[in-house]
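# Architecture at a glance
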Amino acid sequence: MRRSVFIKTFGCQMNAVDSARMLSLLSAAEYRSAPSLEEADLVLLNTCSIREKADQKIFSELGKLRRWKQRREGRLVGVGGCLAQQAGETLRERAPHVDIVFGTHNIARLPELVRKARERNPSVAVEMGGDTGHWEVAPYLPDGTSSAMVTIMQGCDNFCAYCIVPLVRGPEVSRPAADILGETRTLADRGVREVVLLGQNVNSYGKKEREIPFHELLRRISAIEGIARIRFITSHPRDLDERTIGLFSEIGALCPHVHLPLQSGSDRVLSAMGRGYTRSEYLSKVDALRSARPGIRFSSDFIVGFPGETEEDFLATLDVMEAVRFDSSFSFRFSPRPGTRAADMGNPVDPGISGERLRRLQSLQDRHSRQQLSGMAGKTVEVLVEGESARGDGRLCGRTPCNKMVNFVPAGGEGPLRNILVTSAGAHSLVGEERG
Ligand code: SAM
Ligand code: SF4
């Protein structure tokens with residue numbers, strides 16, 4: 001009888017792709033994907049540890065899985081991803097019902113670890129650099145997928161003062177360009193029209209390995225037949241160079257939307273964070289991108305309440321938000337992470353104050369997001385169809401080149417790219433009708 005696995009993914013797109021890799025590996029080892037936790041024989045939590053809250057969420061999930069496991073003989077629990085990498089052995093001490101702990105560099109070993117667990121041998125596999133087969137495992141891709149993520153690098157060398165990623169994902173390693181291009185061609189042959197290139201700092205792609213530079217990688221991907229749209233995350237504002245910016249005026253397939261995490265608008269805070277750019281350097285890159293591609297839109301990440309952040313620093317962040325008018329952003333309260341420089345900086349911001357700053361920042365962002373969306377009513381946009389709308393009301397959904405989600409009434413059009421008239425705007429998405 002074929003066993004089944006249920007994978008629950010926390011955190012960023014890196015984890016989403018890694019989960020698809022896990023599913024590929026386990027499909028080859030005779031596991032199918034379980035439609036629900038209750039039906040599964042094996043559950044894998046692919047974890048995140050970027051903020052303390054993420055850790056807490058996972059331990060509470062593990063509490064529930066202890067009872068899940070007791071309900072049926074032979075059930076197994078595995079924990080992978082960043083928290084597994086960070087906690088290692090100690091994870092099994094806190095949660096002894098976990099059968100497999102596998103770190104970010106041990107995904108390719110999953111079939112072997114699962115087999116051992118079935119023979120009642122629990123494992124903790126968190127060695128860094130041991131995952132030689134990582135890139136070779138193609139992420140599972142359901143038929144009919146129009147947009148796919150392609151990992152171009154792993155890890156990070158930046159060590160921003162607040163960030164645990166370099167500690168749990170290891171040093172930056174770029175994937176050979178030939179493999180990235182090969183995977184993209186295979187995706188295009190399967191009907192994928194959009195690729196999202198993934199890395200913690202895509203602009204430093206290939207520098208250590210003396211691979212082709214990022215802008216050349218983009219150029220070669222744009223030449224692959226069938227690829228109509230290219231996106232990339234995450235761009236580091238320090239490393240986004242003129243050649244890459246210039247491509248926005250040359251390559252139509254490069255989507256007119258860039259996620260460019262600012263973190264803070266204060267030069268003093270940016271320097272304490274070790275980000276390597278100033279507010280004015282950031283704004284010059286935004287201007288250069290706007291000149292290269294008029295109408296280009298931006299999104300960002302922000303941290304409020306970084307150690308020592310004053311009201312004046314915070315107001316500088318709101319000021320940059322007013323200047324750029326981001327379409328959307330992810331914003332967080334600073335969370336001290338073990339082993340990072342910022343965890344020992346002292347000078348903490350009172351939680352009441354950082355909470356209030358977060359609310360102010362998010363309400364400004366909401367205002368900008370709504371204004372941007374409502375300005376699109378009455379316009380016709382090209383949408384790449386991703387599937388049926390979540391409401392199951394016969395509508396389809398997809399994204400505009402600027403990454404706006406549109407739910408629309410189809411009118412019998414064919415193919416994944418459709419022209420849609422935007423009829424109204426919500427807080428985070430658009431509503432439309434297909435043009436006949
Ligand atoms: N590599 C990307 C970059 O440099 O922008 C971001 C990677 S991180 C997974 C995503 C976001 O989490 C960061 O941009 C930052 O805003 C946030 N973040 C990271 N560490 C944090 C911390 N200790 N406390 C609060 N937010 C944090
Ligand atoms: Fe973390 Fe900075 Fe690396 Fe992004 S660039 S993953 S924020 S250390």
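As a reminder, the structure under discussion sits directly above these lines.
From a predicted model like this one, the values you see are computed outputs, not experimental measurements. In this numbering scheme, every chain counts its residues from 1 along its sequence in written order. To label them, take the chains in the order written and letter them from A, then take the ligands in the order written and number them from 1. Given that this is a predicted model, residues contribute local features only at a pLDDT of at least 70 and side-chain atom pairs are listed and counted only at 80 or more, while totals for whole chains, interfaces and linings are drawn from all residues. The basis for every side-chain value is the complete set of heavy atoms in the structure, and neither hydrogens nor water enter the calculation.

### Overview of the side chain of S49
Here a helix means four or more residues in a row that DSSP labels H or I, a strand means two or more in a row labelled E, and each is numbered from the N terminus. Tracing the chain through its elements places S49 in the loop between strand 3 (42-47) and helix 2 (52-70). Of the residues examined, S49 reaches a relative accessible area of 1% and is grouped as buried. Two N or O atoms form a polar contact when they lie within 3.5 Å of each other; inside protein one atom must be a possible hydrogen donor and the other a possible acceptor, and for residues adjacent in sequence the pair counts only when both atoms belong to side chains. Side-chain polar atoms of S49 contact the side chain of Q86, separated by 3.5 Å. The contact definition used throughout considers only heavy atoms, calling two residues in contact when any of these lie within 4.5 Å. Leaving out residues up to four positions away in the same chain, S49 has contacts with A54, D55, C82, L83, Q86, I164, V168 and R337. Three labels apply to residues, based on accessible area from a 1.4 Å probe with only protein chains included: buried if under 20% of the type maximum, exposed if over 50%, partly exposed otherwise in between.

### A word on the site of ligand 1
Every one of the 15 residues lining ligand 1 counts as a neighbour, but Y162, Q200, Q263, D301 and S335 are closest to it. One nitrogen or oxygen atom from the side chain of R275 is found 3.1 Å from an oxygen atom belonging to ligand 1. In this structure, an oxygen atom belonging to ligand 1 sits 2.6 Å away from a side-chain N or O atom of D301. Taking 560 Å² as the accessible area of ligand 1 by itself, protein coverage stands at 91%. Residue assignment for the shell around ligand 1 shows that the elements contributing at least two residues are strand 13 (297-304) and strand 14 (328-333). Residues are grouped as follows: nonpolar covers Ala, Val, Leu, Ile, Met, Phe, Trp, Tyr, Cys and Pro; charged covers Asp, Glu, Lys and Arg; every other residue, Gly included, is treated as polar. Of the residues that constitute the shell around ligand 1, the class distribution is six nonpolar, four polar and five charged. In this text, near means that some heavy atom of the residue lies within 4 Å of the molecule or strand in question. All accessibility values rest on the Shrake-Rupley procedure with a 1.4 Å probe; residue burial counts only the protein chains present in the view.

### Let's talk about the layout of surface pockets
Roughly 330 Å³ of internal volume is contained in the second largest pocket. Lining the second largest pocket are 16 residues; nearest its centre among them are G74, R75, L76, A117 and R120. Residue composition of the lining of the second largest pocket, grouped by class: five nonpolar, two polar and nine charged. Cavities and pockets are defined on a 1 Å grid built over the protein atoms alone: a cavity is a set of grid points where a 1.4 Å probe fits but cannot escape, while a pocket is an open set with protein on both sides within 12 Å along at least five of seven lines, and lining residues are those with an atom within 4 Å of any such point. Grid points are joined across faces, edges and corners, and a volume is the space filled by probe spheres set on the points.

### Focus on empty space enclosed by the protein
Under the counting rule described, the total for this entry stands at two cavities of 30 Å³ or more. A volume near 50 Å³ is recorded for the largest cavity. M14, V17, D18, R21, H134, T151, Q154, R169 and L198 are the residues that line the largest cavity. The dominant element in the lining of the largest cavity, judged by the number of residues it contributes, is helix 1 (residues 13-28), at four residues. For the lining of the largest cavity, a count of residues per class yields three nonpolar, three polar and three charged. In this model, the second largest cavity occupies a volume close to 40 Å³. What lines the second largest cavity is simply I230, R231, F232, F248, L254, C255, H257, V258 and H259. Put simply, the parts of the chain that give the lining of the second largest cavity at least two residues each are strand 11 (229-233) and strand 12 (257-259).

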